Amino acid sequence: MLLSILQVQSEDLPSFAIVCGDPFRAEKIAGKLTNARELAFSREYRTFVGEYDGVRLAVVSHGVGSPGAAVCFEELIRGGVKTLIRVGTAGSYSADHPAGSLIVSTAAVRAEGLTSQLVPNGFPAVADTDVTTALYEAAAAEGGIVKKGITVTLDVFFNGVVEVPHKQYKAAGVLAVEMEIAALYVVAALRGVRAGAIVALDGYADSDLAAEYDPHTNVVADAVEREIMAALKAVAKLAKA
């Protein structure tokens, strides 16, 4: 079956997938696989397949924001993917978690618009516990600051005239903010598959801590490398459990 948006055949997809926003990060991840090949590059959706430690997996980019990302997640699941892991970046809410830290998202605040059109407002966006544990253990083994906890998913990147309640999220214990995890967790729950996410912090979302935003530093690049390896090792562990 041809997946019309991703432009890949469902029979080419394995049961595990690592997803990320950037098509060129997908290429970077695929470069760590054996027997890697690119299946398609359609819109923001770039799809590779290959093997890591003997386990077949796909690596697919989903672009920026929940609506487009959810299209990717839905088609991957329709194509037979049973476990999805997002590897991304996020803004920190705490000086204890500076740029270069890793956060494993256990759940996501649904502060975007997509999921309210899929499920009732009280429905939680929660990661699979086995995926979360595998990600956290693999990330901890990579070194550096690694935390697990709640993240928040927003639609907005650049500020407008409506104030985003970052201080309230911080006061409630939210660790970081990004733009796709809530969609991943809700879609996974609706379709009966497993999902988890790990993000590298690339700056501060808290205005009291914020400095000039620069995600292109060596510290961030190192964190992205560590989270990629953590995701790959988590897939290998989950596949062999």
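Each remark here, short or long, concerns the structure printed above.
Residues numbered from 1 in each chain as written. Predicted model: local features only at pLDDT ≥ 70, side-chain atom pairs only at ≥ 80, totals over all residues. Heavy atoms only, no water.

1. Remarks on the overall build of the chain
Counting its secondary structure elements, the chain contains six helices and twelve strands. C-alpha extents for the chain along the principal axes are approximately 50 × 40 × 30 Å. Considering the chain as a whole, with its 241 residues, one finds that 54% of them fall into the buried category. Partitioning the intrachain contacts of the chain with sequence separation of at least 6 by distance along the chain shows that 77% fall at a separation of at least 24. Here the chain has roughly 10,600 Å² of accessible surface; of this, 53% comes from carbon and sulfur atoms. Side-chain charges of the chain comprise 21 positive and 28 negative groups, with the mean position of each set lying 5 Å from the other. (Helix = DSSP H or I, 4+ residues; strand = E, 2+ residues; numbered from the N terminus. Buried < 20%, exposed > 50% of the residue type's maximum accessible area, 1.4 Å probe, protein only. Contact = heavy atoms within 4.5 Å. Areas by Shrake-Rupley, 256 points an atom, 1.4 Å probe, with all protein chains shown as cover. Lys, Arg positive; Asp, Glu negative; His and termini not counted. Charge placed at Lys NZ, Arg CZ, Asp CG, Glu CD.)

2. Digging into the pattern of salt bridges
This structure, assessed with the given rule, holds twelve salt bridges. The partner of Lys240 in a salt bridge is Asp53, and the shortest N-O contact between them spans 2.8 Å. Taken together, the positions of Lys240 in helix H6 (residues 218-240) and Asp53 in the loop between strand E5 (45-52) and strand E6 (55-61) put the pair 187 residues apart, joining distant regions of the chain. In this structure, Glu74 engages Arg191 in a salt bridge whose closest nitrogen and oxygen atoms are separated by 2.9 Å. With Glu74 in helix H2 (residues 66-78) and Arg191 in helix H5 (residues 181-191), the pair connects residues that are 117 residues apart, well separated along the chain. Of the residues examined, Glu74 reaches a relative accessible area of 14% and is grouped as buried. Each of Glu27, Glu38 and Arg46 takes part in salt bridges that share partners, so that together they form one network. (Salt bridge = Lys/Arg side-chain N within 4 Å of Asp/Glu carboxyl O.)

3. Thoughts on the side chain of Ser42
Examined against the element boundaries, Ser42 turns out to sit in strand E4 (residues 34-42). Residue classification places Ser42 among the buried residues on the basis of a relative accessible area of 15%. Among residues more than four places away in sequence, those in contact with Ser42 are Ile5, Leu6 and Gln7.

4. Some thoughts on the side chain of Thr83
With respect to the helices and strands, the residue Thr83 is situated in strand E7 (residues 83-92). Taking the relative accessible area as the measure of exposure, Thr83 reaches 3% and is therefore buried. There is a polar contact of 3.1 Å between the side chain of Thr83 and the side chain of Arg194. Those residues within four positions of Thr83 in sequence are excluded, and the remaining contacts are Ser15, Phe16, Ala17, Val131, Arg194 and Leu238. (Polar contact = N/O pair within 3.5 Å; in protein donor to acceptor, adjacent residues only side chain to side chain.)

5. Focus on the pairing of E4
Across six bridges, the pairing between E4 and E5 is antiparallel. The residue bridging Ala40 from the neighbouring strand is Thr47, located in E5. Hairpin remark: E4 followed by E5, antiparallel, with two residues in the connecting loop; positive phi at Arg43, about 55°. (Pairing = 2+ DSSP bridges.)

6. Quick word on the packing of aromatic side chains
The description of an aromatic ring pair uses the distance of the two centres, along with the angle that the planes make with each other. Following the criterion strictly, the structure yields one aromatic pair and no others. Between Phe157 and Phe158, the aromatic rings sit 5.0 Å apart at their centres with planes inclined by 75°, giving edge-to-face as the arrangement. Phe158 sits in the exposed class, given a relative accessible area of 69%. (Phe/Tyr/Trp six-rings, centres within 6.5 Å; stacked < 30°, edge-to-face > 60°.)

7. A closer look at the pairing of strand E8 (residues 102-111)
Of all ten residues that make up E8, seven are buried, and the element is covered over most of its length. Sheet analysis places E8 next to strand E10 (residues 146-154), joined by nine bridges and oriented parallel. Of the residues in E10, the one forming a bridge with Ser105 is Gly149. Alignment of E8 against strand E12 (residues 194-204), held across four bridges, turns out to be antiparallel. Along E12, the bridge assignment pairs Leu102 with Ala200. Sheet topology note: the E8/strand E9 (residues 125-126) ladder contains two bridges and is antiparallel. In the sheet register, Ala107 faces E9, and the bridge partner there is Val126.

8. Things to note about the nonpolar core
Counting 41 residues, the largest nonpolar core has Leu6, Val60, Cys72, Phe73, Leu76, Leu84 and Tyr185 as its most contacted members. Looking at this core, the elements with two or more residues in it are strand E3 (16-20), E5, E6, H2, E7, E8, H5 and E12. In terms of residue count, H5 provides more of this core than any other element does, eight residues in total. Leave out the neighbours within four places in its chain, and Leu84 touches Ala17, Val19, Phe73, Leu76, Ile77, Leu184, Val193, Arg194, Ala195 and Gly196. In terms of nonpolar packing, the next biggest core, distinct from the first, is built from 36 residues, Leu33, Ala134, Ala200 and Met229 among them. (Core = buried A, V, L, I, M, F, W, Y, C linked by side-chain atoms within 4.5 Å.)

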